[in-house]
Amino acid sequence: MASKKKFKPDCEELPVAVLSDEVYAKVELVPVYASTIKVKTDTSKIVKWLSQHFPVKDLSHLKRVRKRAGIENMEEECGLDVIICSSIDCYSKRDLIDRIKNFKCTANVSVENQNAPDYIYNLIKSAFLVKVPLLPATTRDQFVEASRYWPVSFHEDKNVTSLLQKHIFSSSDLHKHKMNMKRAFDKSLENSREIAPVIGCVIVDPSNGEVMSASGDTRDEHPLHHAVINAIDSLARHQSANFDPSNKTGPYLCTNYDAYVTVEPCVMCAMALLHSRVGRVFYWKSHEDGALGSKYKLHCNRSLNHRFLVFKNLNTF
């Protein structure tokens, strides 16, 4: 009798998470003025003075000091570089020196610190331009790349890492998702007439696998009757008909539900899913005017009051 091997899904057949552009962005660099600390014991007071008078709030993800490569003996040479300020604040080294000479402290700075100390003047005189990462790293790959230019702080988002590495779907999960997408395909064929592309939508409660609503595209009857709109409308009618005023925790439209759509939703359908508080959206085929990955990434818009996960390339094969 042949032994049964446990099925392990190939990463190529797993649905792909549609994440914000910043997750895939290359590290963007910006020039800053930096200088070499000559005396190691001056490091803390230099950092304190610079942090007080030249805060780099927009670059708070950077470490203020770095160890220069190639320094073997820290006793013979300090080997530390420190960021002075962004080059946007001072257009030239001369401008930076003049700014130090004419420096006026704010009211909350003590009188004895109003004039720049000698170690600051010496630091400025040997200032040089260096490029550093402009934005915080979102992924570990970005962190590794950014660290090549300057030490950065990084707080890994485990969810993003899992989504990028496709570690969130088991073989059982994949089977369920494919079955639900097949239901969406079957529903699209039921309603197919002279409409292209043929679209179907199924809304599922992932907690128990129950199909809550399903519909095809009926735009030949009305231009707004897209498959997603029809499915949400059908769900709303069902919930309204079974409304229990004594149940204060009853379901609200698509809250925590999964939506399976054969074609990437348009802006109207994506907004309807958002306002219905959908939990996740799976679609098979991308569309050039799609709002969940192709033309827009509506679900990644930080100004919206609801966020949901989106996965593409889910097929039934």
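Numbering of residues starts from 1 in every chain and runs along the sequence as written. In view of the model being predicted, local features appear only for residues whose pLDDT reaches at least 70, and side-chain atom pairs are presented and counted only at 80 or more, with totals across whole chains, interfaces and linings using the full set of residues. Side-chain calculation: all heavy atoms of the structure are included, whereas hydrogens and water are not.

Draft legend 1. Broad picture of the sheet that holds strand β4 (residues 80-86). Within the open sheet, the four strands sit side by side as β3-β4-β2-β5. Their pairing is antiparallel. At either margin of the open sheet sits one strand with a lone partner, and together these are β3 (65-67) and β5 (128-133). Taking the axes of each pair of neighbouring strands and ignoring which way they run, one obtains an average angle of 45° across the sheet. Two strands pair when backbone bridges link them, and strand β2 (residues 29-37) and β4 are joined in this way by six bridges, in the antiparallel orientation. The residue of β4 that forms the bridge with Ala34 is Ile83. It only takes one pair of heavy atoms within 4.5 Å for two residues to be counted as in contact. Note on definitions: angles span 0 to 180 degrees between N-to-C directions of axes, and those axes are lines fitted to C-alpha atoms, for helices only across the stretch in contact. Each helix corresponds to a stretch of at least 4 residues labelled H or I by DSSP, and each strand to a stretch of at least 2 residues labelled E; elements are numbered beginning at the N terminus. Across the sheet, helix α2 (residues 43-53) lies against β2, β3 and β4, angled at about 10° from β4, the strand it touches most. Note: two strands are recorded as paired if DSSP finds a minimum of 2 bridges between them.

Draft legend 2. Molecular detail of the pattern of salt bridges. A pairing counts as a salt bridge when a side-chain nitrogen of Lys or Arg comes within 4 Å of a carboxyl oxygen of Asp or Glu. In this structure the tally under the stated criterion is 13 salt bridges. Between Arg302 and Glu22 there is a salt bridge, with the nearest N and O atoms lying 2.6 Å from each other. Within this pair, whereas Arg302 is found in the loop between β9 (280-285) and β10 (309-312), its partner Glu22 is found in helix α1 (residues 21-24), the two being separated by 280 residues in sequence. The partner of Asp233 in a salt bridge is Arg237, with the nearest N and O atoms 2.8 Å apart. Here Arg237 and Asp233 lie together in helix α8 (residues 227-241), a separation of four residues that amounts to about one turn. Type-normalised accessible area, obtained with a 1.4 Å probe on protein chains alone, sets the label of each residue: buried when under 20%, exposed when over 50%, and partly exposed for intermediate values. For Asp233, a relative accessible area of 36% translates into the label partly exposed. One network of salt bridges, in which partners are shared, links Arg66, Arg68 and Asp81.

Draft legend 3. Local environment of the pairing of strand β6 (residues 200-205). Most of β6 is tucked away: six of the six residues are buried. In β6, alternate side chains face the same way, and those of Gly200, Val202 and Val204 on one face and Cys201, Ile203 and Asp205 on the other are all buried. In the sheet, β6 pairs with strand β7 (residues 210-216) via six bridges, with the strands oriented antiparallel. Among the inter-strand pairings, Gly200 is bridged to a residue of β7, identified as Gly216. If you look at the hairpin formed by β6 and β7, you'll find four residues sitting between the two strands, and Gly209 has a positive phi there, around 80°. Pairing between β6 and strand β8 (residues 258-263): four bridges, direction antiparallel. Residue pairing across strands places Val202 opposite Tyr260, the latter belonging to β8.

Draft legend 4. Spatial organisation of the pairing of β2. Among the nine residues of β2, seven are classified as buried, and the element is accordingly described as predominantly covered. Inspection of the sheet shows β2 paired to β5 by six bridges, in the antiparallel sense. In the strand pairing of β5, Val30 is matched with Val132.

Draft legend 5. Summary view of the confidence of the model for the chain. Of the residues in the chain, 85% reach a pLDDT of 70 or more, and the chain-wide mean stands at 85. Taken together, the stretch residues 1-9 has pLDDT below 50 and engages in eight contacts with residues farther than four places along the chain or on a different chain. pLDDT is defined as a per-residue confidence score from the predictor, taking values between 0 and 100. The low-confidence segment residues 104-113 (pLDDT under 50) makes eight contacts with residues lying over four places distant or belonging to another chain.

Draft legend 6. Broad picture of helix α4 (residues 118-125). Inspection of α4 places Ile120, Leu123 and Ile124 among the buried residues, and these make up the whole buried set. Down the axis of α4, the buried side of the element spans an arc of 95°, and every buried residue falls inside it. Along α4, the residues that are exposed and aim more than 90 degrees away from the buried face are Asp118 and Lys125. The directions from the helix axis to the C-beta atoms form the arc being described.

Draft legend 7. Region of the structure containing the packing of aromatic side chains. Pairs were defined over the aromatic rings of Phe, Tyr and Trp, the Trp ring being its six-membered one, requiring ring centres within 6.5 Å. Orientation was assigned from the angle between planes: stacked under 30 degrees, edge-to-face over 60, tilted for the rest. Counted by the stated rule, this structure contains seven aromatic pairs. Considering the side-chain rings of Trp49 and Phe54, the 6.2 Å spacing of their centres and the 40° angle between planes classify their relative orientation as tilted. Judged by relative accessible area, which is 4%, Trp49 ranks as buried. A connected cluster of aromatic rings, assembled from ring pairs, spans Phe169, Tyr260, Phe282 and Phe311.

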